[in-house]
Amino acid sequence: MISTPRPLFRSLEHHHYQQPTMLGKSRFSLPKSIEDTKVWKAAPNWSSTGTCRDLRLKIKHFLRTEALFGRLDGFDEVENVAEFKVVVIGNKGTGKTSLIGNLCNVESTGHAPTHGITEHNAYWPIKLTRGQGPIVVHLRFWDAGVWCLTDERQKLEQRLKKQQAEKADAVLYVCTSTDYKSYVTIQKMIETNSAPVPLPPVRLVVMTRADEWVRRAVSTSDLAKIEEEYAVQTFGVSNIPDKPCHEKLDATKLLNALCAKLLQKDYEMRLQR
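Residues numbered from 1 in each chain as written. Predicted model: local features only at pLDDT ≥ 70, side-chain atom pairs only at ≥ 80, totals over all residues. Heavy atoms only, no water.

Colleague: So what exactly am I meant to see when it comes to the overall build of the chain here?
Modeller: Of regular secondary structure, the chain possesses 6 helices and 8 strands. Listed N to C, the secondary structure of the chain is β-β-α-β-α-β-β-α-β-α-β-α-β-α in terms of helices and strands. Looking at the chain as a whole, 52% of its 273 residues are labelled buried. Within the chain, counting contacts between residues at least 6 apart in sequence, those at least 24 apart form 74% of the total. On the chain, roughly 13500 Å² of surface is accessible, and the fraction owed to carbon and sulfur atoms is 50%. (Helix = DSSP H or I, 4+ residues; strand = E, 2+ residues; numbered from the N terminus. Buried < 20%, exposed > 50% of the residue type's maximum accessible area, 1.4 Å probe, protein only. Contact = heavy atoms within 4.5 Å. Areas by Shrake-Rupley, 256 points an atom, 1.4 Å probe, with all protein chains shown as cover.)

Structure below.
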């Protein structure tokens, strides 16, 4: 969706170890040291303000009337526009497509298994606590289908995995609260750094069906173990398609954290060059 020359952020053309980089002059003031950028957070409750709501409506109108191929070139309501690629991986049936639909404000009802790879786009306005004006972050979610995480058609599987991970800026490891095996799968991936390859610099864990307490097989202590042992932040979401994502506390928390981490990592990489 959001794209080149306007967007400030994009991944490096070479990707031995994927890191995002900036495509233009930074509109962030550079701190005196890298230590100043350690904590990047979204401004509390800003996503529920009238300013943010108006900005979302303007983005929606622009996408419908002027944008080409979902790009925000020419969108002048904000100075900063960022674009990142986010890969979403996990076992079959963990709710990856429903999660993406939730984050993209697309109603998800009765999804069939995804074969191959599909790309979905979300636009998330964010305001950081460290100052500056609003930033519109374009998240390009790449959904890996059943071929990517099964033993079937191994050659195709490897090719799809490589295509999905290429130039990725972040990965969402998805498990479901009702299937402990799905949790073990992503835990092994994180522990061994085995997927995706190349490994993006930003990693988050998302547990779907967090509201299904009766059928729950994955506990909050299991998620806490991942955070403690691997320093990977975890989130629980319900994916219930009853309201927009900016009105859901779990989706808002996930999107704010993901966008803040991506912007921070991009900024740190530019400081090191």
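Colleague: What's the story with empty space enclosed by the protein in this structure? I'm lost.
Modeller: One simple way to see leftover space: roll a probe sized like a water molecule over the atoms. A full pass over the atoms with the stated rule returns 1 cavity of 30 Å³ or more. In this structure, the largest cavity is lined by A42, A43, N45, W46, S47, I126, K127 and N256. Looking at side-chain class alone, the lining of the largest cavity contains 4 nonpolar, 3 polar and 1 charged residues. (1 Å grid on protein atoms, 1.4 Å probe; cavity = no way out; pocket = protein on both sides within 12 Å on 5 of 7 lines; lining within 4 Å. Points joined across faces, edges and corners; volume = space filled by probe spheres on them. Nonpolar A, V, L, I, M, F, W, Y, C, P; charged D, E, K, R; others polar.)

Colleague: I would appreciate a short explanation of the packing of aromatic side chains in the present structure.
Modeller: One pair of aromatic rings is described through two measures. These are the centre distance and the angle between the planes. In the structure shown here, the tally under the stated rule is 3 aromatic pairs. Measuring from ring centre to ring centre gives 5.2 Å for W40 and Y267, while their planes differ by 55 degrees; the resulting arrangement is tilted. In this pair, W40 is assigned in the loop between β2 (20–22) and α1 (50–65) and Y267 in helix α6 (residues 249–272), connecting sequence segments 227 residues apart. Summarising the aromatic geometry, the rings of F62 and F75 are spaced 5.3 Å apart at their centres and angled 65 degrees between planes, so their arrangement reads as edge-to-face. Note that F62 is positioned in helix α1 and F75 in the loop between α1 and β3 (80–89), a separation of 13 residues in sequence. Accessibility classification places F62 together with F75 in one group, the buried group. Stacked on the ring of W142, the Lys or Arg K85 has its end atom at 3.7 Å from the ring centre. If you follow R216 out to its NZ or CZ, it ends over the ring of W213, 4.2 Å from the centre. (Phe/Tyr/Trp six-rings, centres within 6.5 Å; stacked < 30°, edge-to-face > 60°. Lys NZ or Arg CZ within 6 Å of the ring centre and 35° of its normal.)

Colleague: Before we go on, may I ask you to explain the packing of helix α4 (residues 180–192) against helix α5 (residues 220–230) in this structure?
Modeller: Each pair of packed helices can be described by the angle between their axes along with the distance between the axes. Two numbers describe how α4 lies on α5: the axes approach to 12 Å, and their chain directions differ by 0 degrees. By the criterion of interaxial angle, the relationship of α4 to α5 is roughly parallel. Across the interface between the two elements, Y180, Y183, Q187, I190 and E191 from α4 touch D222, L223, K225, I226 and Y230 from α5. Residues of the contact of α4 with α5, tallied by class, amount to 6 nonpolar, 1 polar and 3 charged. (Axes fitted to C-alpha atoms, helices over the stretch in contact; angles between N-to-C directions. Parallel < 35°, antiparallel > 145°, perpendicular 65-115°, else oblique.)

Colleague: Would you mind showing me how to read α1 here?
Modeller: In an α-helix, one turn spans 3.6 residues, which is why side chains three or four residues apart end up on the same side. Here α1 is 16 residues long and its end C-alpha atoms lie 22 Å apart, about the 22 Å a rise of 1.5 Å per residue gives. Listed in full, the buried residues belonging to α1 are C52, L55, R56, I59 and F62. Buried positions in α1, seen along its axis, are confined to an arc of 130 degrees and lie on one side of it. For α1, the exposed residues lying more than 90 degrees away from the buried face are L57 and R64. (Expected span 1.5 Å × (residues − 1). Arc of directions from axis to C-beta.)

Colleague: How should the pattern of salt bridges be read in this particular structure?
Modeller: Between side chains of opposite charge, pairing is possible as soon as their charged atoms come close. In this structure the tally under the stated criterion is 5 salt bridges. The salt bridge partner of R140 is E119, with a shortest N-O separation of 2.9 Å. Taken together, the residues R140 in strand β5 (residues 135–144) and E119 in strand β4 (residues 117–126) connect sequence positions 21 residues apart. The exposure class of R140 is buried, given its relative accessible area of 16%. Overall, E119 belongs to the partly exposed group, its relative accessible area being 36%. (Salt bridge = Lys/Arg side-chain N within 4 Å of Asp/Glu carboxyl O.)

Colleague: I tried to follow unusual backbone geometry on my own but got confused; where do I start?
Modeller: Residues apart from glycine generally show negative phi values, whereas peptide bonds are mostly found in trans. Each neighbour pair has its own omega, and for V197 with P198 the value is 0 degrees, a cis peptide bond. Relative to the helices and strands, P198 is located in the loop between α4 and β7 (202–208). With a phi angle near 55 degrees, R209 is a residue other than glycine that sits in the positive phi range. Tracing the chain through its elements places R209 in the loop between β7 and α5. For A231, which is not glycine, the phi torsion reads 55 degrees and is therefore positive. With respect to the secondary-structure elements, A231 resides in the loop between α5 and β8 (233–236).

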